[in-house]
Amino acid sequence: MTSSSSSALRDIQRDLETKANDLSKIQKDIAKNHQVRKKYTIQLGENELVLKELDLLNEGANVYKLIGPVLVKQDLAEANANVRKRIEYISAELKRLDSTLQDLEEKQNSKKDAILKLQQRIQSLQAGKAKA
């Protein structure tokens with residue numbers, strides 16, 4: 001009886017360790033997601049500011065784009081379109097990151113629940129051993 005219960009205890013502890021490692025990986029992924037999301041949020045703010053600046057310009061105003069070390073003249077309508085496209089892309093990426101984050105948080109919660117159940121089983125097995 002005691003050898004089978006200690007074997008079961010070892011199996012549960014191994015399972016617990018695996019789930020804890022999985023949880024750790026998920027938490028790292030969540031942190032990485034937050035970093036990327038922060039970067040995109042900053043870029044979105046910058047691009048929205050550029051768009052507001054472009055909207056203030058007159059039709060014939062000169063607009064320059066920095067390409068490497070060189071300022072290249074760019075058509076106002078083209079600059080406007082490029083900034084709007086960037087905002088659209090960044091917004092789509094933020095939505096994608098949000099859905100990924102939601103999935104990761106759901107996985108994290110289910111792993112935490114599984115770990116809690118395993119810990120309770122270990123405690124009940126150890127309590128059973130103590131009585132024997």
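Placed above this text is the structure.
Here's what I pulled together on the structure shown here. (Residues numbered from 1 in each chain as written. Predicted model: local features only at pLDDT ≥ 70, side-chain atom pairs only at ≥ 80, totals over all residues. Heavy atoms only, no water.)

1. What about the pairing of strand β2 (residues 70-74)?
- Here strand β1 (residues 63-67) runs beside β2; their pairing, made up of five bridges, is antiparallel. Paired with L66 across the bridge in β2 is L71. (Pairing = 2+ DSSP bridges. Helix = DSSP H or I, 4+ residues; strand = E, 2+ residues; numbered from the N terminus.)

2. Some points on the packing of aromatic side chains
- Tallying each qualifying case throughout the model produces zero aromatic pairs.
- We note K39 situated over the ring of Y40; from NZ or CZ to the ring centre the distance is 5.4 Å. (Phe/Tyr/Trp six-rings, centres within 6.5 Å; stacked < 30°, edge-to-face > 60°. Lys NZ or Arg CZ within 6 Å of the ring centre and 35° of its normal.)

3. So, the layout of surface pockets
- By volume, the largest pocket is sized at about 180 Å³.
- Along the walls of the largest pocket sit V50, L54, L57, V63, Y64, K65, Q74, A79, N82, V83 and R86, which together make up its complete lining.
- Of all the secondary-structure elements, those providing two or more residues to the lining of the largest pocket are α1 (2-56), β1 and α2 (76-131).
- Among the elements that take part in the lining of the largest pocket, α2 stands out by supplying four residues, more than any other.
- Taken together, the residues that form the lining of the largest pocket break down as seven nonpolar, two polar and two charged. (1 Å grid on protein atoms, 1.4 Å probe; cavity = no way out; pocket = protein on both sides within 12 Å on 5 of 7 lines; lining within 4 Å. Points joined across faces, edges and corners; volume = space filled by probe spheres on them. Nonpolar A, V, L, I, M, F, W, Y, C, P; charged D, E, K, R; others polar.)

4. Brief notes about a nonpolar patch on the surface
- The grouping of Y64, L66 and L71 at the surface amounts to a nonpolar patch, some 360 Å² of accessible area in total.
- Tracing the backbone shows Y64 in strand β1. (Patch = residues over 30% accessible without salt bridge, like charges linked within 9 Å, V, L, I, M, F, W, Y side chains within 5 Å. Areas by Shrake-Rupley, 256 points an atom, 1.4 Å probe, with all protein chains shown as cover. Salt bridge = Lys/Arg side-chain N within 4 Å of Asp/Glu carboxyl O.)

5. Quick word on the pattern of salt bridges
- Applying the stated criterion across every chain, the model contains seven salt bridges.
- With a closest N to O distance of 3.1 Å, D11 and R14 form a salt bridge. Taken together, the residues D11 and R14, both in helix α1 and three residues apart, mark about one turn of the helix.
- Its salt-bridge partner being K19, residue D15 comes within 3.4 Å of it at the nearest N-O pair. Pair noted here: D15 and K19 are both in helix α1, with a separation of four residues, about one helical turn.
- By relative accessible area, D15 is classed as partly exposed at 30%. (Buried < 20%, exposed > 50% of the residue type's maximum accessible area, 1.4 Å probe, protein only.)

Keep in mind these numbers describe shape, not what the thing actually does.
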